[in-house]
Amino acid sequence: MPTSLDVTDFGAVPGSRSDAGPAVAAALAAAAAVGGPVVVRFAPGEYHLWSEGAARRELYVSNTVGDDPAFRVKTIALLVESVDDLVVAGEGARLVLHGVQTTFAVIDSRRIRVEGLEFDFAVPTVVDATVVDAGVEEGRAYRRIRVPAATLFSVEGASIRWHGETLGSGEVAWSGRDALEYTQIHDPAGRRTWRGSNPLFERVRSIRPAGERDVRIDYEHAEEPSDLGLVYSMRSTTRDHPGGLVLDSSDVTLSGVRFCFLHGFGVVAQTSRDVTVEECEFQTPPDSGRHSAGFADFVQFSGCSGQAVVRDCLFDGPHDDPINIHGTYLRVTGRPDRHTLELEYPHPETAGFPQFSPGDEIELVDRTTLQAITSATVRTVRQPSGRDHDRPLRRIVVTVDAELPDELVGRAAAENITLTPAVRIVGNIFRNVPTRGVLVTTRRAVLIEQNRFERTEMAGIYVSCDADEWWESGPVRDLTIRGNEFIEPGGPAIFLDPRNTRCDPGQPVHSGVVVAENRFMLDGVPALDAKSTRGIRFRGNGIVRHGPATPDVVLRSCSDADIEAGVELEDAQPPESPVQSPAGESHA
C-alpha cells in the first residue's frame, strides 16, 4: 500500500489566507524521501499559495519568452521534482494563487498522477470587461463597463490602471493601462469569441467609477455604441510563465483537475513521454463574471514521445488554441564538416532547451517544399541544458553517423523525429475559442474522435507544418478524424495547411488522412480544405448547411483522394459540387 501524507499535517490550513506554500513543499519533500509509492492529499477546502515563498527554477519553455533574460526564472506554486510513483490528490481542494506563478510543475519525474485539484488565481491577469450599458447623452457617447470582483483597478484621470495584488515587497504583481496589449471579444448571447479591435478606450473624454465594479466611460464623439452585452477580454502579450509544466518526465496523468485560470501560457508537456490529460476542466468559475480561463493556449505538447492523450475534457475560454501538439524545426546555419551541423532556434518565443540525445534520428527538410533531404542518427550534441544559461541558448551543434549533403545552410531545417508522439484526442468539448480547436503535427498515429467543436472562430482542426514562421514540425502520416461534431466554425472545419511555398502533388507534405462519420454544421465554409496531402479519404460524413452554398471539400495540390459527397442533413441545399479545386492546381 502507498504511504499517505496530508498537507495539513505539515501546517497547511484550509480556509486560511496565510501562505500554504511552505507546508505543501514540505509534504512533497517528505514524499520524495519515502522512496516508494506515496499519496500526498489535500483535505477539502481552499488553500492560498503566494508567489513570494514559492519555488523558483531557471527553465526554458517552448512558445513562451524564448531566451529573454528577464524571464529566465519561473515561479512555481506546486513543484514535483525528481520523484517517482507519486499521486497528488485533492478532490474538494481549491488552490488559489497570488501573484504571477505557474500552477504546477512535474520535472524529472516518473509515474506521477495529479487528480481532483482546482487551480485559480486571486487576481487573474486577463481583464474581462462587459458592456452593461451604452448610449448617447447630451451629444456624447458613453459606455458603462463591469469587471469581475477579482479584477483590481484604479481610475486615474481619463485612464484605468489594471493591476495585481500588492505583494510583501510593496510592489504590485503586475499592472497595465486601458486596453492593455491584446483584446478578444466574447458574445455570451451568440456563444462566439473572436479577436478584434478594442473601442473602449478610443477618443475618451472622461472615466469615472460608477459603483464597486462598474466604470463609466464618456467619449468625445456621438456615435452610439452597438456592443451592449459584449465582453472585451484584455491582457498583455508576454508569456512569462507556462500555466503548468510537465518537463523531462514520463507516465504523467492529470485527472479531474479544474483550471479556472492559467497565466502566461497553457499546460506544457515538453520533452516528456506518455502524458495524459483526462476529465479536466479549463473554465472560469460559474457566476464569477469572468470568461477567460487562459492567457493563451490551454494544453501544448512540444517534442514529446510515447502517447499524448487528451480525453473527456472541457475547454472553454482560452486566448489561443486549446490543444497544440508539435515538434520544433531548427534552422541549419552551418555545416563545418561532412558529419556536423550547426543549428539555431529561429523563433523568438522558443529557445534554451535541449533538442537531441545520442541515438535520436534527425531529419533535414527543404524549407520551401518541406520534403525530406536526408536523415541520420545523432552521435554527439552540444546544446543548452534548459536549466541554465551556461551555453548559448539558441545554438545547437550535432554530429551524425552519415555524410551530409552540400548546400544545407539557409535551405534546410532539422527535426528530431524520435521525439514525435502518437496522439489520441477523444471525447472533448471546445467552446468560446477565438482560434482553432486542435493543432496537431506529428508523423505517428493520430486519432481525433467524438469531440464537439462549438463555433471555433477559425478551423476546428488545423494541421500545419511550418519551417518559416512558427517553426512547428512536422508532417502527418496517419490521421483519423472520426465521429466528431463541428458546429458553425469560422473557417474550414478541418484545415490541412502545410506552409510549403513550392507544391508538387507527387511530393505531398501530409498523407494518410481519413475523415469519416463526422457531423458538420456549416455556414459558408467547407468541411475540409486540404493542401499538399496524399491519400485523403472523406466518407460517411453528414452536413447541415446554412448561408451560402459552398463545396464540401476544397483540394489544392492533392493526389489519390477518395471523396464521397457529404450526406445533406435536414433541408440544407447541396453545393454545386462536393469538391472544388482552384484553377491551375493539381487535384484528385
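Higher on the page you've got the structure.
Residues numbered from 1 in each chain as written. Predicted model: local features only at pLDDT ≥ 70, side-chain atom pairs only at ≥ 80, totals over all residues. Heavy atoms only, no water.

Trainee: Even after reading the chapter, I still don't get the environment of Leu 86, so can you show me in this structure?
Mentor: Position of Leu 86 among the secondary structure elements: in strand β6 (residues 84-89). Residue classification places Leu 86 among the buried residues on the basis of a relative accessible area of 1%. When the C-alpha positions of Leu 86 and Glu 181 are compared, they lie 40 Å apart, and in sequence the two are 95 residues distant. The contact partners of Leu 86, leaving out residues within four places of it in the chain, are Leu 28, Ala 31, Val 38, Val 40, Val 80, Arg 111, Ile 112 and Arg 113. (Helix = DSSP H or I, 4+ residues; strand = E, 2+ residues; numbered from the N terminus. Buried < 20%, exposed > 50% of the residue type's maximum accessible area, 1.4 Å probe, protein only. Contact = heavy atoms within 4.5 Å.)

Trainee: Would you take a moment to explain the nonpolar core for this structure?
Mentor: In globular proteins that are soluble, nonpolar side chains generally tend to be buried together. In this structure, Phe 42, Leu 78, Leu 86, Phe 282, Ile 448 and Phe 520 are the most contacted members of the largest nonpolar core, which totals 88 residues. In terms of residue count, the dominant contributor to this core is helix α1 (residues 21-34) (5 residues). (Core = buried A, V, L, I, M, F, W, Y, C linked by side-chain atoms within 4.5 Å.)

Trainee: Explain the packing of aromatic side chains to me, please; I cannot follow it from the model alone.
Mentor: In this description, a pair of aromatic rings is defined by centroid distance and the angle of the planes. Under the defined criterion, the tally for this structure stands at 17 aromatic pairs. Relative to Trp 162, the ring of Phe 153 has its centre 5.8 Å away and its plane inclined at 55°; by these criteria the two rings are tilted. On the accessibility criterion, Trp 162 (0% relative accessible area) is buried. With a centroid separation of 5.0 Å and an interplanar angle of 10°, the aromatic rings of Phe 486 and Phe 520 are classed as stacked. Residue Phe 486 is located in strand β45 (residues 485-487), and its partner Phe 520 is located in strand β49 (residues 519-523); the two are separated by 34 residues in the primary sequence. Given a relative accessible area of 0%, Phe 486 falls into the buried group. Members of the aromatic cluster, connected to one another through ring pairs, are Phe 104, Phe 119, Phe 259, Phe 282, Phe 298, Phe 315, Phe 430, Phe 453, Phe 486, Phe 520 and Phe 538. (Phe/Tyr/Trp six-rings, centres within 6.5 Å; stacked < 30°, edge-to-face > 60°.)

Trainee: It is not clear to me how the pairing of strand β36 (residues 412-416) should be interpreted in this structure. Could you clarify?
Mentor: Regular strands place their side chains on alternate faces of the sheet. The buried count for β36 comes to 5 of 5 residues, which makes it a mostly enclosed element. Along β36, one buried face is formed by Ala 412, Ala 414 and Asn 416 and the opposite face, lined by Ala 413 and Glu 415, is buried too. Taken together, the 2 bridges between strand β31 (residues 330-334) and β36 define a ladder with antiparallel strand orientation. Bridging from a neighbouring strand, Leu 330 pairs with Ala 414 of β36. Strand direction decides the pairing type here: strand β33 (residues 361-366) and β36, joined by 5 bridges, are antiparallel. Among the inter-strand pairings, Glu 363 is bridged to a residue of β36, identified as Glu 415. (Pairing = 2+ DSSP bridges.)

Trainee: I'm lost on the pattern of salt bridges in this one. Help?
Mentor: It is possible for side chains bearing opposite charge to pair when their charged atoms get close. The full count for this structure, using the stated rule, is 49 salt bridges. Residues Arg 94 and Glu 46 are paired through a salt bridge, measuring 3.0 Å at the closest nitrogen-oxygen approach. One end of the pair, Arg 94, is in strand β7 (residues 93-98); the other, Glu 46, is in strand β3 (residues 45-50), and 48 residues separate them in sequence. Salt-bridge contacts for Glu 81 lead to Arg 57; the nearest nitrogen and oxygen are separated by 2.9 Å. Taken together, the residues Glu 81 in strand β5 (residues 73-81) and Arg 57 in strand β4 (residues 55-58) connect sequence positions 24 residues apart. One continuous salt-bridge network, built from bridges that share partners, spans Glu 46, Glu 91, Arg 94, Glu 118, Asp 120, Arg 258 and Arg 290. (Salt bridge = Lys/Arg side-chain N within 4 Å of Asp/Glu carboxyl O.)

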